[in-house]
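Residue-level structure breakdown
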Amino acid sequence: MSDDVNVKKNGAMDEIELKEWLASLDYVLNSGTPDRVQYLLQQLQIRAQESGVTLPFTYHTPYINTITKEKQPPFPGNRELERRIKSIVRWNAMAMVVKANKMTDGVGGHISTYASSATLYEIGFNHFFRGRTDTSDGDLVYFQGHASPGIYARAFVEGRLSETNLNNFRRELAEGGGLSSYPHPWLMPSFWQFPTVSMGLAPIMGIYQARFNRYLEDRGLKAKDDNKVWVFMGDGESDEPESLGALTMASREKLDNLIFVINCNLQRLDGPVRGNGKIIQELEALFRGAGWNVVKVVWGSEWDQLLEKDTEGLLARRMGEVVDGEFQKYSVSSGAYIREKFFGTDPRLLEMVAHLSDEEIGDMKRGGHDPEKVYAGYKAAVEYKGAPTVVLAHTIKGYGLGESGEGKNISHNQKKLNDQELKEFRSRFNIPISDAEVAKAPFYKPAEDSPEMQYLRERRKVLGGALPMRRTESTPLKTPSEAVFEEFYKGTDGRAVSTTMAYVRILSQLLRDESIGKFIVPIIPDEARTFGMEGLFRQCGIYSHVGQLYDPVDSDSLMYYKEAKDGQILEEGINEAGSISSFIAAGTASATHNINTIPFYTYYSMFGPQRVGDLVWAAGDLRCRGFLVGATSGRTTLNGEGLQHQDGHTHLLTSTVPNLISYDTSFAYEIAVIIRNGIERMYEKQESLFYYISVGNENYVMPAMPEGAKEGIIKGLYNFSRSTKTSDLKAHLLGSGAIMNQVLEAQKILEEKYNVSTDVWGATSYNELRREALHVERDNMLNGKKTKVPYVTQMLQNEKGVFVSASDYMKVLGDSIRQWIPGPYTVLGTDGFGRSESRPALRDFFEVDAKHIVWATLVTLCQQKQIGEDALAKAQADLKINPNKLNPMIS
């Protein structure tokens, strides 16, 4: 038998076999359920793999809509009224940006992002986004930051913002009140819920917010509901690592309360997102691989008739092979061009559109601009159970802007339209403004009794009220009594402990407190055992939505790894970005849920603002509350870990966040005073603050709190010990963190060997001292007279002698208060890269040990002519000070 005959015979057999398999599948589909089909296919796959057959992995679906026309639900709204409302909102959004740039050139603003996503938002506002009511917290919506003009414009039409507000877009200090450039709760605390324009942050914050909502429900702090967290982002934003870095956490936790909507307009700021690829297909693969439900909204309704004719799959194949750069070109081209370049590759495709005019081809929409397709996608997302959903919506950047910016690479920065472009925009969207007025880009709102206004208000009423809207008041907590902290005020009675251990003990006490214990949220990025916090595992449990489905390997130990559905600890793994996102969710629960949870996020201090500084800044913008605790802090205190772990600059980074209060603690009583004060200010007085406390891992005896020290601990400086020595030589040593022990040793040496009467001051916060002094100086300057004195100067102005500061941080920290120190002032610190060594060696290297503190004091006294050069030379030899040693700043 010839080879040709064999081929034909085998081909016929393959065809028969295929028909039999398909007939079997059809039988199960007709007689069973989709779950039954999935089960059978999974079993077939298992059998094939056991037999050594490797199946091809399909990580994306064809480049067509996930929801076919047959499966598409009926649209429940009034298409014509919704189109009118959308057109009005679009006009006002455009007018707001254009007017702002006419009044103040260069003020900026963005038109094209909202133009591409208007349908995505309007379908949400009219049918899905639930507002807050007396019985429900409503949905939480992370609006894409660059789309803010559209959100403002809708709020104006709703009557929530005035024409003056819109006229003052990006002019926040103007009379009558302005609007911030992007979503900023700090600037508009009753309007915006989340800051989203630092691209990449909204996705990860949204994921952890959705998980925290479940955490509150599972712990019984919040009633269970079906509210959603919506995260809107651009396709270009997906390149930010934070955007996609936590996808598997969302699917692992089965967060079906989470919906991503990605506006795939195929463009970023400079050009195509994936000119030579397909961003929707790439994102589908990523999300599907991470376990998400993916809904693609690629093509508008005009394409349905063509896809129905596509019995051979030619059109779907052509859609899948055209790269995004070419689709972008189509968006600015004529129907004739699309006919030639897209359909013209195959005569059968040309035949498919032979009945359509070039104009009709040019008018065929992308799916993200089709209300019915978007509604179908959102409905599928809202109803899906067991996993989060992403809606990938194909749009055109600058949609509707015409020649001024639709689909062009310059669209993102489009801020101005000329008179003719304004007329064309007006006419395209049928806005009743005359030619004489259109050049002024006036705002437009229909009459209060118009069908549009009635429909708009009715839809929001049905959904619970206006969005965005942020709660500014919450039920305060009562600060724990002093009795809770009393043991820490007394010291450790000769026992050596670290400040980290003292902090953990305080936290453990607070967790047991009857009034606030249940509201505390311990957050740890896989370092609990490092910080001595493993005892909390059993006391509080580690949160897991599914509980603990296994017997832990250490179950027979006292402090075993205990997971529980009502667990209190958020153990986030090696994941600082996720941990700080949980901190933000917990620290803003007062605004999102009227629940004052108190997050304590404990981490390696080096991996705080240095690692996730943008998220820390977002926490400030969000008016977040809670405690960031940098454990194992200090460049010479964390001795063995070396350069990457030794932190000598976090307090400089925290100083840049206006509402972040930071402390470098030396003793247990300081931590206790600061935490109690923080709870009182944040949770009883409801101040929009959050705290950073650095603690270390060096063990030493904790003394009792000096009398009258509390106020100074909070303000940043207090007297720790007064010298009883009588001498003409006087020094004041300022110490903080673990270096306080070196300061105390230096005090002893100065008094016993060099006859210097030495006082010691606890400098808990150079940042707070500086801020208070700057406030005082500003007040004095604006009033034209010096009527107030900074706190640090008040504390030291009657003291004689020289001043020396020593800390485990860079010298600029202590130097930041120099101008308010009433005497000669020398600062020691740890400038330079860290390294692995013993603590004594490191402190000698960075020149912050006791002998260098003594030496700095003597040098400063010599400069003041209070001791002679001979005495100084002798001290240099006695102290073994080496002027030729390595310079830590550059070594």
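Refer to the structure presented above.
**Description of the overall build of the chain**
A count of helices and strands for the chain gives 36 helices and 20 strands. Judged by the C-alpha coordinates and their principal axes, the chain covers about 105 × 80 × 55 Å. Within the chain, the fraction of its 891 residues that count as buried is 59%. Here the analysis covers contacts within the chain between residues at least 6 apart in sequence; of these, 77% occur between residues at least 24 apart. Each charge sign in the chain was given a centre, from 101 positive and 114 negative side chains, and these centres are 3 Å apart.

**Observations regarding the side chain of Ser-736**
Turning to its location among the elements, Ser-736 is positioned in the loop between strand 17 (729-735) and helix 30 (740-754). Polar side-chain contacts of Ser-736 include one of 3.0 Å to the side chain of Asp-664. For Ser-736, the contacting residues outside a window of four places in its chain are Asp-664, Ser-666, Ala-763, Tyr-766, Ala-806 and Ser-807.

**So, the side chain of Glu-534**
Within the secondary structure, Glu-534 is located in the loop between strand 7 (520-524) and helix 23 (535-540). Buried charge Glu-534 goes without a salt bridge, the closest partner of opposite sign being Arg-529 at 5.1 Å. If we skip the residues at most four places from it in the chain, Glu-534 touches Ala-528, Arg-529 and Met-559.

**Details of unusual backbone geometry**
The omega torsion of the bond from Leu-467 to Pro-468 falls at -5°, within 30 degrees of zero and hence cis. Positive phi values are uncommon outside glycine, yet Asp-526 reaches one of about 65°. Within the secondary structure, Asp-526 is located in the loop between strand 7 and helix 23. Here Asp-526 falls in the partly exposed class, since its relative accessible area comes to 41%. Despite not being glycine, Thr-632 has its phi angle at roughly 50°, a positive value. For Thr-632, the position within the fold is in the loop between strand 12 (627-631) and helix 27 (650-654).

**Quick notes on the pairing of strand 4 (residues 293-297)**
With 5 of its 5 residues buried, strand 4 lies for the most part within the structure. A two-sided burial pattern is seen for strand 4, the buried positions comprising Asn-293, Val-295 and Val-297 on one face and Val-294 and Lys-296 on the other. As paired strands, strand 4 and strand 5 (residues 389-394) are joined by 5 bridges and run parallel to one another. Bridge pairing in strand 5 places Lys-296 opposite Leu-392.

**Notes on the environment of Arg-366**
Secondary-structure assignment places Arg-366 in the loop between helix 16 (358-362) and helix 17 (371-383). Each C-alpha atom of the pair Arg-366 and Gly-300 lies 5.0 Å from the other, and the pair is 66 residues apart in sequence. The contacts of Arg-366, once residues within four sequence positions are left out, are Val-298, Trp-299, Gly-300, Phe-327, Tyr-330, Ser-331, His-394, Thr-395 and Ile-396. At 3.2 Å, the side chain of Arg-366 and the backbone oxygen of Phe-327 are in polar contact. Reaching out from Arg-366, the side chain makes a polar contact with the side chain of His-394 at a distance of 3.4 Å.

**Section: the packing of aromatic side chains**
Throughout the structure, instances matching the rule amount to 53 aromatic pairs. When the centroid spacing of 5.2 Å and the interplanar angle of 80° are considered together, the rings of Tyr-215 and Tyr-543 count as edge-to-face. Pair noted here: Tyr-215 is in helix 7 (residues 201-218) and Tyr-543 is in strand 8 (residues 542-543), with a separation of 328 residues, a long-range link. With relative accessibility at 6%, the residue Tyr-543 sits in the buried group.

**Description of the pattern of salt bridges**
Following the criterion strictly, the structure yields 50 salt bridges and no others. As a salt-bridge pair, Arg-348 and Asp-346 come within 3.1 Å of each other at their nearest N and O atoms. Take Asp-346: its relative accessible area is 15%, and that puts it in the buried class. When the shortest N-O distance is used, the salt bridge between Asp-878 and Lys-874 registers 3.0 Å. With Asp-878 and Lys-874 both in helix 36 (residues 869-879), this residue pair falls 4 residues apart, about one helical turn. Put simply, Arg-214, Glu-217, Lys-222, Asp-225 and Asp-256 are held in one network by salt bridges that share partners.

**Section: the sheet that holds strand 17**
For sheets, the rule is that strands pair by backbone hydrogen bonds, running either parallel or antiparallel. Read across the open sheet, the 5 strands follow the order 16-18-17-19-20; overall the sheet is mixed. Either end of the sheet is taken by a strand with one partner, and the two such strands are strand 16 (718-721) and strand 20 (825-828). Across this sheet, the average inter-strand angle for adjacent strands is 30°, counted without regard to direction. Sheet topology places strand 17 next to strand 18 (residues 756-762); 7 bridges connect them, and they run parallel. Each residue of the ladder has a partner; that of Lys-730, found in strand 18, is Ser-757. On the sheet, helix 30 packs against strand 16, strand 17, strand 18 and strand 19 (802-806) and is oriented at approximately 165° with respect to strand 18.

**Description of helix 35 (residues 850-863)**
The terminal C-alpha atoms of helix 35 lie 20 Å apart, and with 14 residues this matches the ideal 20 Å at 1.5 Å per residue to within 8%. Among the residues making up helix 35, those that are buried are Ala-850, His-852, Ile-853, Val-854, Trp-855, Ala-856, Thr-857, Leu-858, Thr-860, Leu-861 and Cys-862. Where helix 35 terminates, the next one or two residues include Lys-865, which has phi positive at roughly 65°.

**Regarding helix 20 (residues 451-462)**
Counted at 1.5 Å a residue, the expected span for helix 20 with its 12 residues is 16 Å, and the 16 Å between its end C-alpha atoms agrees. Within helix 20, burial applies to Glu-452, Met-453, Tyr-455, Leu-456, Arg-459 and Arg-460. Buried residues of helix 20 fall within an arc of 165° about the axis and therefore sit on the same side. Exposed residues pointing more than 90 degrees away from the buried face of helix 20 are listed as Lys-461 and Val-462. The inward-facing, buried residues of helix 20 abut helix 3 (79-103), helix 4 (112-127) and helix 5 (148-158). Positive backbone phi, approximately 110°, marks Gly-464, located one or two places after helix 20.

Rules and cut-offs
Residues numbered from 1 in each chain as written. Predicted model: local features only at pLDDT ≥ 70, side-chain atom pairs only at ≥ 80, totals over all residues. Heavy atoms only, no water. Helix = DSSP H or I, 4+ residues; strand = E, 2+ residues; numbered from the N terminus. Buried < 20%, exposed > 50% of the residue type's maximum accessible area, 1.4 Å probe, protein only. Contact = heavy atoms within 4.5 Å. Lys, Arg positive; Asp, Glu negative; His and termini not counted. Charge placed at Lys NZ, Arg CZ, Asp CG, Glu CD. Polar contact = N/O pair within 3.5 Å; in protein donor to acceptor, adjacent residues only side chain to side chain. Salt bridge = Lys/Arg side-chain N within 4 Å of Asp/Glu carboxyl O. Pairing = 2+ DSSP bridges. Phe/Tyr/Trp six-rings, centres within 6.5 Å; stacked < 30°, edge-to-face > 60°. Axes fitted to C-alpha atoms, helices over the stretch in contact; angles between N-to-C directions. Expected span 1.5 Å × (residues − 1). Arc of directions from axis to C-beta.

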